[in-house]
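Architecture at a glance
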Amino acid sequence: MKNGFSKILLVLAIVSLILIVVIELRLGFIPCDKYKEWNSIAVILSSGYLGSYIVYFLTIVIPECKDRKRTIGARKKMFIISTSFVTSNIIANIRGGITSSKIITADDLCINLKNTPLYDKFVNAHNEESLCESIWHTYQYFRESFLEYCILWDKYLDAESLELIAEIKDCAFYRCLNEQFSLYNTKPEILPDGRKIFKYTVLGSVSLIDEQGYDQIVRTLMENLVSLITLIKKLEKHIV
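Residues numbered from 1 in each chain as written. Predicted model: local features only at pLDDT ≥ 70, side-chain atom pairs only at ≥ 80, totals over all residues. Heavy atoms only, no water.

1. A word on the pairing of strand S2 (residues 196-202)
What counts is decided by this rule: Strand pairing is assigned whenever DSSP detects at least two bridges linking the two strands. Segments assigned H or I by DSSP are reported as helices when at least four residues long, segments assigned E as strands when at least two residues long, and all are numbered from the N terminus.
When strand S1 (residues 189-190) meets S2, the two strands line up antiparallel, connected through two bridges. Residue pairing for S2: glutamate 189 is matched across the bridge by isoleucine 197.

What follows is the structure, encoded as structure tokens:
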């Protein structure tokens with residue numbers, strides 16, 4: 001929005017300059033009986049607009065460009081810190097506390113979750129939190145930190161950035177984790193034949209789900225997590 005408006009102002013300034021040059025050098029005229037009067041009015045209006053744009057450029061555009069360059073380091077650092085809760089901390093927890101440069105995929109995350117399911121205590125837990133509880137708390141830290149970033153640097157956000165921010169705030173990962181938290185965090189009952197059955201309560205009624213169904217639901221959550229990380233990377237290219 002801001003960039004688009006600035007471009008419109010610049011185009012109008014260029015048009016005004018061209019109009020002044022054309023009229024003053026008598027390269028053309030408005031074809032009517034009183035063309036001299038109309039040309040005079042056009043020059044006055046164009047000159048006024050061009051002068052206003054020069055003042056706008058000197059007092060608004062140039063200081064804003066300097067401010068963008070001056071704050072880019074702070075903006076980049078704060079963005080990385082706020083998003084690291086998702087792109088680093090949650091991923092490290094799922095991988096057993098190991099940070100790796102390996103490409104993040106839903107398949108990779110699901111393989112790691114076979115070793116430490118969401119309902120188990122993860123390796124670096126500082127208390128009795130399950131992996132699911134730890135992810136939930138870490139994601140809440142992300143939301144708070146990310147919101148602070150958006151508020152603090154709001155004037156640097158263009159229309160595309162705002163759209164990405166809206167998608168991140170209402171991402172499928174958050175909705176699934178919020179709505180199905182009790183299922184992800186439920187320890188299974190082991191049947192005599194070794195099968196796992198998960199019992200969880202939905203609107204007051206107890207529902208059962210087998211291990212395959214549970215794994216599929218968890219996989220969907222991991223796919224949503226990968227999608228969230230993709231959105232964050234897209235936003236990073238826009239705002240830093």
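There is more to say, and it comes next.
2. Structural notes on the sheet that holds S1
Reading across from one edge, S1-S2-S3 is the order of the three strands in this open sheet, with antiparallel pairing throughout. Looking at the sheet topology across the chains shown, the edges are occupied by S1 and strand S3 (205-210). In the sheet, S2 pairs with S3 via six bridges, with the strands oriented antiparallel. In the strand pairing of S3, phenylalanine 198 is matched with isoleucine 209.

3. Let's talk about the packing of aromatic side chains
Where we set the bar: Each pair of aromatic rings taken from Phe, Tyr and Trp, with Trp reduced to its six-membered ring, is defined by centres within 6.5 Å and is described as stacked if the planes are under 30 degrees apart, edge-to-face if over 60, and tilted in the remaining cases. For each residue, the accessible area found with a 1.4 Å probe, counting protein chains only, is set against the maximum for its type, and the residue is called buried under 20%, exposed over 50%, and partly exposed in between. A ring has a charge above it when a Lys NZ or an Arg CZ is no more than 6 Å from the ring centre and no more than 35 degrees off the ring normal.
Counted by the stated rule, this structure contains 12 aromatic pairs. Ring centres of tyrosine 139 and phenylalanine 142 lie 5.4 Å apart, and the angle between their planes is 50°; on these two criteria the pair is classed as tilted. Of this pair, tyrosine 139 and phenylalanine 142 both sit in helix H4 (residues 131-152), three residues apart, roughly one helical turn. Ring centres 5.9 Å apart and planes at 45° place the aromatic pair tryptophan 153 and tyrosine 156 in the tilted group. With respect to class, tryptophan 153 is no different from tyrosine 156; both count as buried. Through a chain of ring-to-ring contacts, three or more aromatic side chains come together here, namely Trp136, Tyr139, Phe142, Phe146, Phe173, Tyr174 and Phe181. In this structure, arginine 75 packs its charged tip against the face of tyrosine 156, placed 4.4 Å from the ring centre. Cation over ring: arginine 143 sits above tyrosine 174, and NZ or CZ is 4.0 Å from the ring centre.

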